[in-house]
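Residue-level listing of the chains:
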Amino acid sequence: SEVDSRRRSVGDAGCVMNRRFFMRMISAVAVSLMSASCAQADEVGDLQKRFKERYPKLAELRNDGTLGETWDGWTEAVKEATPEVAAFVAAENADRKRLYAIIAERQGAKPEEVGERNAVRIFKSAEPHHYLKLKDGKWVQRKDMELKD
């Protein structure tokens, strides 16, 4: 009948509209995910740049015993810090916090787990005279501790 054929054409048009809408939504989601991913990649690049810029000072402060690394992935003053050192530590740890969050999101882990894994890597590669803070809160030099592989 004529009514059925109108229903079919309206139904087909509705179906076409729904498919178009669905495809637009998928495209929009894909674009937003890609731009979020690109933005995140840019952010990681910025973080890496800052880490690289700070590394000589970080190495100097580790080497002279001013800074150490903690069991959970942070850098800390071994003794009372000057305002300059405190600002340096704050900047380093803020960037680490963000990087740990990004890595955790990508890996489906918790940022704390990422930090602890980074600490293990840092502890293993530390120089014998570098200070490392254990879970019990005590500072030890790398040469005075035994690490498991």
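Residues numbered from 1 in each chain as written. Predicted model: local features only at pLDDT ≥ 70, side-chain atom pairs only at ≥ 80, totals over all residues. Heavy atoms only, no water.

## So, the overall build of the protein
Secondary structure assignment for the protein yields 3 helices and 4 strands. When the 149 residues of the protein are sorted by exposure, 28% land in the buried category. Contacts in the protein between residues far apart in sequence, at least 24 positions, make up 48% of those at least 6 positions apart. For the protein, the accessible surface area stands at approximately 10400 Å², while carbon and sulfur atoms represent 57% of it. (Helix = DSSP H or I, 4+ residues; strand = E, 2+ residues; numbered from the N terminus. Buried < 20%, exposed > 50% of the residue type's maximum accessible area, 1.4 Å probe, protein only. Contact = heavy atoms within 4.5 Å. Areas by Shrake-Rupley, 256 points an atom, 1.4 Å probe, with all protein chains shown as cover.)

## Examining helix H2 (residues 83-107)
When the terminal C-alpha atoms of H2 are compared, their 36 Å separation across 25 residues agrees well with the 36 Å that a helix rising 1.5 Å per residue should span. Val85, Phe88, Val89, Glu92, Asn93, Asp95, Arg96, Leu99, Tyr100, Ile102 and Ala104 are the residues of H2 that are buried. In the segment just after H2, Gly108 is the residue with positive phi, at about 65°. (Expected span 1.5 Å × (residues − 1).)

## Quick word on the sheet that holds strand S1 (residues 67-70)
Taking strand neighbours across the sheet as the criterion, the 4 strands line up as S2-S1-S3-S4 in an open arrangement whose pairing is mixed. Only two strands of the sheet have a single neighbouring strand rather than two, namely strand S2 (75-77) and strand S4 (139-141). Pairs of neighbouring strands in the sheet enclose a mean axial angle of 40°, with direction left out of account. In this fold H2 packs onto S1 and S2, with an angle of close to 165° to the strand it touches most, S2. Contacting S1 and strand S3 (131-133), helix H3 (residues 111-125) runs over the sheet at an angle of about 130° to S1. (Pairing = 2+ DSSP bridges. Axes fitted to C-alpha atoms, helices over the stretch in contact; angles between N-to-C directions.)

## A few points about the layout of surface pockets
Roughly 400 Å³ of internal volume is contained in the largest pocket. Counting only elements with at least two residues in the lining of the largest pocket, the list comes to helix H1 (2-63), S1, H2, H3 and S3. Classifying every residue of the lining of the largest pocket by side-chain character gives 12 nonpolar, 6 polar and 7 charged. (1 Å grid on protein atoms, 1.4 Å probe; cavity = no way out; pocket = protein on both sides within 12 Å on 5 of 7 lines; lining within 4 Å. Points joined across faces, edges and corners; volume = space filled by probe spheres on them. Nonpolar A, V, L, I, M, F, W, Y, C, P; charged D, E, K, R; others polar.)

## Observations regarding the nonpolar core
Of all hydrophobic cores here, the largest spans 6 residues; its members are Leu58, Leu61, Leu67, Val85, Phe88 and Val89. Among the elements of the structure, H1 and H2 are those that each provide at least two residues to this core. With 3 residues, the single largest contributor to this core is H2. Residue contacts for Leu61: discarding those within four places in its chain leaves Thr66, Leu67, Val85 and Phe88. Counting 5 residues, the second-largest nonpolar core is a separate cluster that includes Val44, Leu47, Phe51 and Ile102. (Core = buried A, V, L, I, M, F, W, Y, C linked by side-chain atoms within 4.5 Å.)

## Some words on the packing of aromatic side chains
Aromatic ring pairs are reported here in terms of the distance separating the ring centres and the angle at which the planes meet. Tallied over the entire structure, the rule returns 1 aromatic pair. Seen from their ring centres, Trp74 and Tyr100 are 5.2 Å apart, and the 55° between their planes marks the pair as tilted. Residue Trp74 is found in the loop between S1 and S2, and its partner Tyr100 is found in helix H2; the two are separated by 26 residues along the sequence. (Phe/Tyr/Trp six-rings, centres within 6.5 Å; stacked < 30°, edge-to-face > 60°.)

## Describing the environment of Arg50
Checked against the element boundaries, Arg50 lands in helix H1. Each C-alpha atom, one on Arg50 and one on Ala91, is 9.3 Å from the other, the two residues being 41 residues apart in sequence.

Take it as geometry only, folks, not as evidence of what the structure does.
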